[in-house]
Amino acid sequence: MAEYVGQPVLRYDGIGHVTARTRYVDDIQLPGMLYIKVLTSPVHKGIIRHLDTSAAERMPGVAGVITAKDVPGKNAYGLIPDQPVFTPEHIRYKGERIAAVAAVDEDTAMEALEKIKLDIEEQEPVFDPFKAMEPGAPLVRPEGNVWEFNSGKTRKIRFGDVEKGFAEADVIVEGTYTTATNDHAPMEPQVSVAYIDETDRLAIYTVSQDLYFHLGMLTAIFNLPMNKIRYIGGTVGGGFGSKNDIHCDHVAGLMALKIRKPVKYRLTRREETAYTTKRGPWTFYFKDGVKKDGRIIARYVKTVHDTGGYAGMGPYVVDKNSILVAGPYAIPNVWVDGICVFTNKPPASSMRGFGIINGTAADQLQTARVAEAIGKDPWEVHFINAWREGDLGATQFKVEAAGLIEAMKRAAELAGIELPAHLKAMSSRGR
Amino acid sequence: MKYVLSFNLNGLPVDTLVKATDTLLDVLREKLNVVSPKRGCDNGDCGACTVLVNGEPVRACLTIGLTVAGKNVQTVEGLQQDGKLHPLQRAFHEHYAAQCGFCTPGMLIAAKALLDKNPKPTREQIVEGISGNLCRCGTYVEVVEAIQAVAAGKYKE
Amino acid sequence: MKKRGIGIAVGTHPAGLKGGGDPSQAQIRLKPDGTFDLLNGAVDIGQGCKTILRQLAADELDVPLENITHQNIDTDTGPMCTGTFASRVTFMDGNAVLAAAADLKKKIREWAAEYFECSPADVEVANNKVFVKGVPEKSLSMAEVGAMVNWGGKFLVGTGAYTPGPGQQFDPDTGKMTAIASLAFGCCVAEVEVDTETGVVDVLKLVQVFEVGKAMNRLLCKGQNNGGAMMGIGFGLTENVCPYYPTMDFAVQDLTDYVITTAADMPPVMVEDIVEVPHPNGPRGAKGYSEMTASLAGPAILNAIHNAIGVWVTDYPATPERILKALEAAHA
């Protein structure tokens, strides 16, 4: 009976990595390949009044220029497809794509970008999500600055009765926590190589983490069926959620379709840092009702997520955060209000943990404060409240294969911490 | 205006036409298709393009190509001898010191530069030796373990 | 003054899309020499799916690991996978691979039943052989089966798919949403030293334990655990794209000023382990957990800072500036 599962089998791709035989997208060079650079918005918010690419098109060494007019299908992509590949008019963040040039090399493409005549009517941006929510704030989006969930302007989680819980509590503990904008910073920057293959199909070497998810988006942009795109990938130099969004494939694909020649579009580290999706910042307000014995019997959480100029995965991240922001605890009364706000920043999207890392960051400081407020050891609070098998989460899911207590016991042991006997006696299998 | 650049690459002479502004990374990757040095930042921050020039580790992205004229340049493509993996390559593989693998060539070169000068480094010296090489997968613990194993003679031929 | 403190953080993490509805598929083909090609559409971003999916396929087919190749090179050949995100590939693609292997075994049994003139239920696929149970002379090596199947004009391909269930929406009023594929758990203990003159934090020791259901490959888990810690330390102490948030003033430009954890910033003592509470729906009991490895070090470190200096820093990252300001405010 083969038993490889659980064994430290060596990485299948490990030999490729240590010999540098592993091929990443920027390692691909095709004969006659041209290089793309993109003109991006120099302002945070504005309206394009005039765009003239003719001088760039005439420049020696330039093979093609594309703008919003060159998108044959939907000029929109994303999990919530609201972001244009090239913005035709409205600019919602600094760095938004306006036009792309393909040329014999990147230097020539950069020179050509300078020949594009761009007239933007600059508008007042809004960066602070709390200001963006105020009446009369500059509108990032025509429909308003707050995302509409199926529950309205807040993602609502209502479990039990928090007011009753607060009334029955011995102590109320409040806290406000913020997390910052984070960059995925994978060592492999965003890059795409596109060409027309021997069957006259569009082929794209991609760094996508999600071949089929992005293939679906690309079919809409290019107005092509799935089998007219050969999407080549599967090996990526680090993603962490950055390659969960398309950054280059749409531009490279559109250019290859237009000029019918191989193209490479790669972001410099600076372009990647400035313009690509981020882990958006959050503000969390917690109010807990706690019994003196350590039980958290009510938890109210209000979250505000800054998703930048486009939805990206922002609303999804707020949803996912709301499911678990109350922590891995059996709290009988939970109220969560999750708000997702547009501001004039690069779109926030997924990054390792999809909002759960941010919720954990806040809930774990709050829970430590709960322990401090009632004079208990934090271990005691974690153990007493930890989910057991069959407990319900705030969105009423049933906890299966619970294992937090077992993980805590082992961690304490490895940290050289002697837990009290009554905690050591606990198990996730029952309360 | 282009210049002829001649140097020794992994033991073999090469010559190519380069611009004065081409970096060694441009020369290796774009002109010679030697792609083990990775373009991670073009700014000397990440170390993914680390190569050896006359035995010294340098950032290929910060090195003007023409400055290596007549010198010996070593990359991961030249680590294997007689078809056999270098001890560091074996150790990295067996210690899972590569995850996505993108920083790995630079790490290997940094490790080789360290061990060539100091075959028995302390843990602190190893950490210092690779501290200029960023790995976003976070393989540092495994990289240090792999280099320690080589230094301890566990990967002798 | 240098002050030491200890802090803990715990957490949980689901596998897959919130609300479910994120399928994966896999395909396994029997080649003419009895070896196999495993095809799927998941992307290896370093987490190791190219490694563990073969482990699962080899176990289910009961054949040597080296007899299985894995390809995920493009969408022409790779079956559908929603994507490599949300700690979902081990769980979803792992289940799809097990289903494909089971399907191929079924097809091999049906072929062999005709050959051996018996019922498919009497045919066993095990130990890289195909044989009739209890009849030792009716046995073929997988190499013989591969040759006879393929040169005999047949093509045996096992296909498998897995979805944790159809996509589910939140109830707008209560937020009810019960589709959670699996929940993994974790606990982190951090020991720090805070310099109250400079606000600089040194992480001296980090202990991380994750409950993973069933580890597919313990050393890949180790890589995730230590690697996630690297990112969690940055989350807790240094990483901030907009240091003057909510403005964009002095937003970072590159890796010079976006400070990610280097080898020299890693705690000198790193301890990691796993515990296993198998999940009933996970492949061999596995859960998805790797994102969570980045979630716990940050809050454990901030709790340790509080333990060391007695004041709360409630904004991530806990930069020296923020620590000194918190100390000043406490002493004012």
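Residue numbers run consecutively from 1 along every chain, following the written order of its sequence. Labels are handed out in written order, letters beginning with A for the chains and numbers beginning with 1 for the ligands. At least 70 in pLDDT is required for a residue's local features to be given in this predicted model, at least 80 for side-chain atom pairs to be given and counted, and no such filter applies to totals for whole chains, interfaces and linings, which use all residues. As a rule here, side-chain values cover all heavy atoms of the structure and leave hydrogens and water aside.

A helix here means a DSSP run of H or I that spans at least four residues, while a strand means a run of E at least two residues long, and both kinds are numbered starting from the N terminus. Along the backbone of chain B there are five helices and five strands. Helices (α) and strands (β) of chain B occur, in sequence order from the N terminus, as β-β-α-β-β-β-α-α-α-α. With the radius of gyration taken over C-alpha atoms, the globule rule is written as 2.2 Å times the number of residues to the power 0.38. For 157 residues, the compact-globule estimate of 2.2 N^0.38 gives 15 Å, and chain B sits close to it at 15 Å. Taken along its principal axes, the extent of the C-alpha atoms in chain B is 50 × 30 × 25 Å. Type-normalised accessible area, obtained with a 1.4 Å probe on protein chains alone, sets the label of each residue: buried when under 20%, exposed when over 50%, and partly exposed for intermediate values. Out of the 157 residues in chain B, the part that is buried amounts to 59%. Here, two residues are considered to be in contact whenever any of their heavy atoms come within 4.5 Å of each other. Contacts in chain B between residues at least 24 apart in sequence constitute 56% of all its contacts with a sequence separation of at least 6. Each accessible area is a Shrake-Rupley result for a 1.4 Å probe, and residues are judged covered by the shown protein chains and nothing else. Only carbon and sulfur atoms are counted for the fraction: they give 52% of the accessible area of chain B, which is about 6200 Å². Counting rule applied: Lys, Arg positive; Asp, Glu negative; His and chain ends not counted. Where a charge sits is defined by one atom per residue type, namely NZ (Lys), CZ (Arg), CG (Asp) or CD (Glu). Averaging the positions of the 17 positive and the 16 negative side-chain charges in chain B gives two centres separated by 1 Å.

The next subject is the overall build of chain A. From N to C terminus, chain A includes 13 helices and 15 strands. Along the three orthogonal principal directions, the C-alpha set of chain A runs to about 80 × 65 × 35 Å. Within the span of chain A, comprising 431 residues, buried residues form 68% of the whole. Total accessible area on chain A is roughly 14400 Å²; 51% of this is exposed by carbon and sulfur atoms. Distance between charge centres in chain A, computed from 52 positive and 53 negative side chains, equals 1 Å.

We now examine the nonpolar core. To qualify as a nonpolar core, a set must consist of buried Ala, Val, Leu, Ile, Met, Phe, Trp, Tyr and Cys residues joined through side-chain atoms within 4.5 Å. Within the largest apolar cluster, 211 residues are counted, with the highest numbers of intra-cluster contacts made by Ile36, Val263 and Trp379 of chain A, Phe92 and Ile147 of chain B together with Ile305 of chain C. In this structure, Met92, Phe116, Val145 and Ala181 of chain C belong to the second largest nonpolar core, which totals 49 residues.

Moving on, we get to the side chain of Asn72 of chain C. Mapped onto the fold, Asn72 of chain C is located in the loop between β4 (68-71) and α2 (89-116). For the purposes of these results, a polar contact is taken to be a pair of N or O atoms within 3.5 Å, where, inside protein, one atom must be able to donate a hydrogen and its partner to accept one; residues adjacent in sequence count only when each atom of the pair is a side-chain atom. From its side chain, Asn72 of chain C meets the backbone oxygen of Ala42 of chain C in a polar contact 2.7 Å long. Sequence-distant contacts of Asn72 of chain C, defined by excluding residues within four places in its chain, comprise Leu211, Gly233 and Gly234 of chain A together with Asn40, Ala42, Val43, Asp44 and Lys50 of chain C.

Before going further, it helps to examine the layout of surface pockets. A cavity, in this analysis, means grid points on a 1 Å lattice covering only the protein atoms where a 1.4 Å probe fits yet has no way out; a pocket is instead an open set bounded by protein on both sides within 12 Å along at least five of seven lines, and a residue lines either one if it has an atom within 4 Å of a point. Grid points are joined across faces, edges and corners, and a volume is the space filled by probe spheres set on the points. Taken as a whole, the largest pocket spans an internal volume of roughly 880 Å³. Lining the largest pocket we find 29 residues, and of these Glu106 and Arg266 of chain A together with Asp26, Glu30 and Arg39 of chain B sit closest to its centre. Sorting the residues of the lining of the largest pocket by element identifies β1 (34-40) and α3 (106-114) of chain A together with α1 (24-31) of chain B as the ones contributing at least two each. Under the grouping applied here, Gly and all other residues not named as nonpolar or charged are polar, the nonpolar ones being Ala, Val, Leu, Ile, Met, Phe, Trp, Tyr, Cys and Pro and the charged ones Asp, Glu, Lys and Arg. Considering only residue class, the lining of the largest pocket consists of eight nonpolar, five polar and 16 charged.

Between chain C and chain A, the contact holds 118 residues from the first and 106 residues from the second. Two parts placed together each lose some accessible area under a 1.4 Å probe, and adding up what both lose gives the buried area. Interface area, chain C with chain A, both sides summed: about 9200 Å², of which 62% is carbon and sulfur. Here, a salt bridge means any side-chain nitrogen of Lys or Arg that lies within 4 Å of a carboxyl oxygen of Asp or Glu. At the surface where chain C touches chain A, the tally comes to seven salt bridges. Across the salt bridge formed by Asp273 of chain C and Arg410 of chain A, the nearest N and O atoms sit 2.6 Å from each other. Taken together, the connections running from chain C to chain A amount to 52 residue pairs in polar contact (both at pLDDT 80 or more).

All right, on to the side chain of Lys278 of chain A then. Among the secondary structure elements, Lys278 of chain A is positioned in the loop between α8 (269-275) and β13 (282-290). At 3.0 Å, the side chain of Lys278 of chain A and the backbone oxygen of Thr273 of chain A are in polar contact. A polar atom in the side chain of Lys278 of chain A sits 2.9 Å from the backbone oxygen of Thr276 of chain A. What Lys278 of chain A contacts, discounting residues up to four positions off in sequence, is Thr181, Asn182, Asp183, His184, Glu272, Thr273, Pro347, Ala348 and Ser349 of chain A together with Val241 of chain C.

The next point concerns the domain arrangement of chain B. All names here are of chain B. Splitting chain B by domain gives domain 1 (2-76) and domain 2 (87-151). Centre-to-centre, using C-alpha coordinates, domain 1 lies 21 Å away from domain 2. Of the residues lining the interface, 17 residues belong to domain 1; the matching set on domain 2 comes to 13 residues. Taken over both partners, the interface formed by domain 1 and domain 2 buries close to 1200 Å², and the fraction arising from carbon and sulfur atoms is 64%. Remark: the boundary between domain 1 and domain 2 carries one salt bridge. Across the salt bridge formed by Lys117 and Glu56, the nearest N and O atoms sit 2.8 Å from each other. Put simply, the parts of the chain that give the side of domain 1 that touches domain 2 at least two residues each are β3 (50-53) and β4 (56-59). Grouping the constituent residues of the side of domain 1 that touches domain 2 by class yields six nonpolar, six polar and five charged. Each domain's extent is set by a domain assignment, obtained either automatically or from a database.

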